[in-house]
Amino acid sequence: QVQLVESGGGLVQAGGSLRLSCAASGRTLTMGWFRQAPGKEREFVAAIRWSGDNTNYALSVKGRFTISRDNAKNTVYLQMNSLKPEDTAVYYCAASWNSAYDQKQRYPYWGQGTQVTVSS
């Protein structure tokens, strides 16, 4: 069982930045960030593995968001720059033993979510 605790959400103006953190109680293969806006399905945002340099991003955030990790702290980060109102959502950290990084059904472990609100 892996426990995940997110932090770092909040309210920010369009064009601003936020950094989300996800502290994990253990390591799996892949760590992902997903988000869910009101009335919409949960969608993939970014993913990283605990080893190697491979990262993956949704097209909607590529070039604005950066996922990174600190292996010593078992923590994954999501740096979000140039935020837009359409980025408003609850952001979830997730852990998977699977390499299919963008499929939410492949992630058995989820954090509680943190709200990100971007005002126009």
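This one's a predicted model, so the numbers in the text were calculated from it and none came from an experiment. (Residues numbered from 1 in each chain as written. Predicted model: local features only at pLDDT ≥ 70, side-chain atom pairs only at ≥ 80, totals over all residues. Heavy atoms only, no water.)

### Quick notes on the sheet that holds strand S1 (residues 4-7)
Here comes step 1: What the 4 strands build is an open sheet, ordered S1-S3-S8-S7; its pairing is antiparallel. With partners counted over all chains shown, the strands left at the sheet margins are S1 and strand S7 (65-70), one partner each. Here the strands of the sheet are splayed against their neighbours by 15° on average, with no regard to which way each runs.
Here comes step 2: Here strand S3 (residues 18-24) runs beside strand S8 (residues 75-80); their pairing, made up of 6 bridges, is antiparallel. Among the inter-strand pairings, Arg-19 is bridged to a residue of S8, identified as Gln-79. (Pairing = 2+ DSSP bridges. Helix = DSSP H or I, 4+ residues; strand = E, 2+ residues; numbered from the N terminus. Axes fitted to C-alpha atoms, helices over the stretch in contact; angles between N-to-C directions.)

### Describing the state of the cysteines
Here comes step 1: The full count for this structure, using the stated rule, is 1 disulfide.
Here comes step 2: What pairs with Cys-22 in a disulfide is Cys-93, and their sulfur atoms sit 2.0 Å apart. Handedness here is read from the sign of the S-S torsion; for Cys-22 and Cys-93, about -75°, the answer is left-handed. Placement of Cys-22 in strand S3 and of Cys-93 in strand S9 (residues 89-96) is noted, with a sequence separation of 71 residues between them.
Here comes step 3: Among the residues examined, Cys-22 registers a relative accessible area of 0% and is labelled buried.
Here comes step 4: Classification of Cys-93 by relative accessible area gives buried; the value is 1%. (Disulfide = S-S within 2.5 Å. Buried < 20%, exposed > 50% of the residue type's maximum accessible area, 1.4 Å probe, protein only.)

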